[in-house]
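Survey of secondary and tertiary structure
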Amino acid sequence: MKIIILIISILIIISPHPDLPICNIQTAKQAIAPRIFAETTIDGPAQNVLFTRFLHNKVGIFGSEFAVCYSNVLNPLFLAQSTNYIGLIALLYFAYFITKNKRYILISIFFALPTLYFFSLPLDLIVLIYKFFAIIGLIKLIRKIW
Amino acid sequence: MKSFLIKNSPLLVILLISAFIRFYHLGQVPPGLFMDEASNGYNAYSILKTGKDEYGNFLPLTIKAFGDYNPALSTYLLIPSIAVFGLTNFAVRFPSAFFGTLTVLLTYFLAKELFGEDTVNYTFKFKKTKIRISLAIIATLFMAIIPWHIQFSRYDHEANFLIFFSALGIWTLLKSKKSLLYLLASAFSFGLAFNTYHSAKVWVPLLVLSLAFWYKKDLLKYGIKIFYPLLILFIFSLPIILNFKSSLIRGQSVGIFHEQNPLLTFVNHYLSHYSLDFLFLNGDKIPRHTVFGTGPLYIFMIPIILIGIISLIKIKSNNAKFLLTWLLIAPIPASLANPAPHVLRSSVFLPVLPIIAALGLITVLKLSIEKYIKIALFVILMMVATYNLFTYFHTYYKHYPKERARDWQDGYEEMVKYVDKIKENYTSIAITDFYNHPYIFVLFYTKYNPSAYQPQSQDKNYFDKYEFFGASWKKTKEGKALIITPYWQPHPPKVLKEIYARNGDLTFVISETE
């Protein structure tokens, strides 16, 4: 059992992560002006200004840009390539395990990690933590199966 | 009657909303008819008038269309609508909107059957009145409003019929514990589902096998009688078996089996269907499938779907295990083809995702936490949901027709109708094929007599006085000719009309030559 864990853990650690598109506060801010211009142009001047502002505003666009950045990191394909496919299963089990056992701090870390990329923290560090989680998940999973 | 209306008022209100969303401006949004819709519509019209498709095949089991040999059921389903409303955009889209609304109703019955009427609901007091919210009602509401289902209920596509017949097959199979008739109805529904869409050839067998696995005890109690539904399934698979070679054409052109590493491609495609970006933010790369900035599901559904999945794992019933299996197998048909992720081919995620989201919401509502925290969570969820809904519907009805006009081949209708009015003055009419398959739009919008077209159907470069050209056109007949060019192509100096798409782009230039 220990050998299997060791081999898969090594595979998880050595898997190189692919690059993600540059996505941070700066790029989100840059997207605001052109998007507001494009969206409000389609609405036209006849539409109620308050309604236009409600639908196409800085907060909404910044939020949607943030969501895209966040989803890039939490993309199963990215995680599978970063931790390899067995690592992804182990990582999912880890997520299930911490939720089932109500480990709220770990749950918060798990879901907050992708936001760090938005704040320009190195992706390597984030991936490393996910690799660590995947190994813990792997140990728990193999113990359960054994 | 009155008590029935009062008892079922939430469901009836949701159905009305659902129908309104699906039928409102159906002929105008999405803008223009896409070539597949025009092809299905004209083939249905042709069968209605002559009993034959555009190629002259009598009551075909597969429709050749543009050479992809689609299963014929969805074309036959258009016939009653075209008979009633005529050959119009609305008539072609009507069956999709109608079956879409029925699928919303079916979601209610399916959720009720899966979770029982009384076991999964939430009751609270509001001004001394007890209000009871059931999982089935929430699931129905979600199904009525999610972009994934609205998008495909508003244009004619086979996948929408696949969702309906799959859901009907599952519901009747769940009911089959009571009577063999339900089991036969289930086999009938799955048989119909099998003949709706290319991906059904993968999806229906997968779904039937999963159902057989989880409900084997209920099915085996019928003993030898299980042969009858199997026979029905076999009969319905005959159209595919008899046209096996042509049925594979589409699969071969988009399938992943010619890739260098098909297994790896499959796994990557499969995983891509679970990304947040695909499900909640942007959908796929095909502009017709989603509106800009909105995924097939709403952002507010992310937490409740996650909670719903966890709740589902905790439930030990066969129904819960079946739903999880459904969730896991839904992307398989789409993962076998390019490109991926694909909103349309993976639409068999419906209605399981709205049901899981409803379970998640009920779980949150039933959490034993402080009342004010629960209210705060609910208010936040409602605020995000309201913003998501407003943004989606505004984008769908206002932005989408303009932003995606070119993707919907907007401009053809206006061009063909204009040409049809003046065609008697010309000996030949030359139309560019720059925007793909112009002949089908001419047939559709001129309501060209199918029995006159069928003998000319083999060569798609011309029929009657119409000629379709690519890079250049050469005059071969005496007399005046009408030339329809794309915006960028040189044309005769005498311009009669310019046709603009709804986004303001010049699409066609209509000019005449001596």
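Let us look at the structure shown here. (Residues numbered from 1 in each chain as written. Chains lettered and ligands numbered in written order. Predicted model: local features only at pLDDT ≥ 70, side-chain atom pairs only at ≥ 80, totals over all residues. Heavy atoms only, no water.)

**Considerations on the packing of aromatic side chains**
Residues and elements named next belong to chain B. In total, this model carries 66 aromatic pairs over all chains according to the counting rule given. Ring geometry for Tyr 412 against Phe 508: centres 5.2 Å apart, planes inclined by 55°, an arrangement best described as tilted. With Tyr 412 in helix H21 (residues 412–422) and Phe 508 in strand S10 (residues 506–513), this residue pair connects regions lying 96 residues apart in the sequence. Taking 6.4 Å as the distance between ring centres and 15° as the angle between the ring planes, the aromatic pair formed by Tyr 439 and Tyr 453 counts as stacked. (Phe/Tyr/Trp six-rings, centres within 6.5 Å; stacked < 30°, edge-to-face > 60°. Helix = DSSP H or I, 4+ residues; strand = E, 2+ residues; numbered from the N terminus.)

**Here we look at unusual backbone geometry**
The amide bond that connects Asn 338 of chain B to the next residue, Pro 339 of chain B, takes the cis arrangement and shows omega of -5°. Inspection of the secondary structure assignment puts Pro 339 of chain B in the loop between helix H18 (332–335) and helix H19 (352–366). Omega for the bond connecting Leu 350 of chain B with Pro 351 of chain B falls within 30 degrees of zero, at 0°, which places this linkage in the cis form. Inspection of the secondary structure puts Pro 351 of chain B in the loop between H18 and H19. The phi dihedral of Lys 102 of chain A is positive, around 50°, even though this residue is not glycine. You can see Lys 102 of chain A is positioned in the loop between helix H5 (76–100) and helix H6 (104–118). You can call Lys 102 of chain A exposed: its relative accessible area is 52%. (Buried < 20%, exposed > 50% of the residue type's maximum accessible area, 1.4 Å probe, protein only.)

**Quick look at the sheet that holds strand S8 (residues 481–486) of chain B**
Residues and elements named next belong to chain B. Pairing is mixed across the open sheet formed by six strands, whose spatial order is S6-S7-S5-S8-S10-S9. Two strands close off the open sheet at either side, each with one partner strand: strand S6 (462–463) and strand S9 (495–500). Of the pairings in the sheet, the one linking strand S5 (residues 428–432) to strand S7 (residues 466–469) comprises four bridges and is parallel in character. Directly across from Thr 432, in S7, lies its bridge partner Phe 469. Against the sheet, helix H22 (residues 438–446) engages S5, S6 and S7, with an angle of about 150° to S7. (Pairing = 2+ DSSP bridges. Contact = heavy atoms within 4.5 Å. Axes fitted to C-alpha atoms, helices over the stretch in contact; angles between N-to-C directions.)

**Topic: the interface of chain B and chain A**
If you look at the interface, chain B gives 22 residues, while chain A gives 26 residues. Summing both sides of the interface, chain B and chain A together bury roughly 2,100 Å²; the carbon and sulfur share of this comes to 74%. Broken down residue by residue, the surface that chain B buries against chain A is led by Leu 271, Tyr 387 and His 394 of chain B, which jointly contribute 24%. For the pair chain B and chain A, the interface holds zero salt bridges. Those elements giving two or more residues to the side of chain B that touches chain A turn out to be helix H14 (262–272), helix H15 (276–282), helix H16 (301–314) and helix H20 (371–403) of chain B. For the side of chain B that touches chain A, the element with the most residues is H20 of chain B, which contributes eight residues. (Buried area = accessible area lost by both parts, 1.4 Å probe. Salt bridge = Lys/Arg side-chain N within 4 Å of Asp/Glu carboxyl O.)

**Thoughts on the pairing of S9 of chain B**
Note that S9 of chain B and S10 of chain B share five bridges and pair antiparallel. Bridging from a neighbouring strand, Val 495 of chain B pairs with Ser 511 of chain B of S10 of chain B.

**Some details on the side chain of His 289 of chain B**
All names here are of chain B. Relative to the assigned elements, His 289 resides in the loop between H15 and H16. Within the structure, the side chain of His 289 is placed 2.8 Å from the side chain of Asp 284, a separation counted as a polar contact. Non-local contacts of His 289, meaning those with residues more than four positions away in its chain, are made with Gln 151, Phe 152, Tyr 155, Asp 284, His 342, Val 343 and Leu 344. (Polar contact = N/O pair within 3.5 Å; in protein donor to acceptor, adjacent residues only side chain to side chain.)

**Considering the state of the cysteines**
Residue and element names in this part refer to chain A. Scanning the model with the defined rule gives one disulfide over all chains in all. The disulfide that involves Cys 23 links it to Cys 69, with 1.7 Å between the sulfurs. Of note, the bridge from Cys 23 to Cys 69 carries an S-S torsion of about -70° and is left-handed in sense. Taken as a pair, Cys 23 in the loop between helix H1 (2–14) and helix H2 (25–43) and Cys 69 in helix H4 (residues 58–73) lie far apart in primary sequence, 46 residues in all. (Disulfide = S-S within 2.5 Å.)

**Details of the pairing of S8 of chain B**
Residues and elements named next belong to chain B. Taken across its six residues, S8 has six buried, putting it largely inside the fold. For S5 and S8, the ladder comprises four bridges, and the chain directions are parallel. Bridge pairing links Ile 431 to Ile 484 in S8.

**A short note on helix H3 (residues 35–50) of chain B**
Residue and element names in this part refer to chain B. Between its terminal C-alpha atoms H3 stretches 22 Å, which fits the 22 Å expected from 16 residues at 1.5 Å a residue. For H3, every residue scored as buried is listed here: Met 35, Glu 37, Ala 38, Ser 39, Asn 40, Gly 41, Tyr 42, Asn 43, Ala 44, Tyr 45, Ser 46 and Ile 47. Buried residues along H3 sit in contact with strand S1 (62–63), helix H4 (73–85), helix H5 (89–115), helix H8 (158–175), H22 and helix H23 (450–453). Where H3 terminates, the next one or two residues include Gly 51, which has phi positive at roughly 80°. (Expected span 1.5 Å × (residues − 1).)

**Some remarks on the environment of Tyr 93 of chain A**
Structurally, Tyr 93 of chain A can be placed in helix H5. Discounting residues that sit within four places of it in the chain, Tyr 93 of chain A has contacts with Gly 137, Lys 140, Leu 141 and Lys 144 of chain A.

**Quick notes on H16 of chain B**
Taking 1.5 Å per residue, 14 residues should reach 20 Å; H16 of chain B reaches 20 Å between its end C-alpha atoms and fits that length. Regarding H16 of chain B, the residues found buried are Met 301, Ile 304, Ile 305, Gly 308, Ile 310, Ser 311 and Leu 312 of chain B.

**Details of the pattern of salt bridges**
By the definition in use, this model includes 12 salt bridges over all chains. Between Asp 420 of chain B and Lys 423 of chain B there is a salt bridge, with the nearest N and O atoms lying 3.0 Å from each other. Residue classification places Asp 420 of chain B among the partly exposed residues on the basis of a relative accessible area of 25%. Overlapping salt bridges bring together Arg 35, Glu 39 and Glu 65 of chain A as one network.

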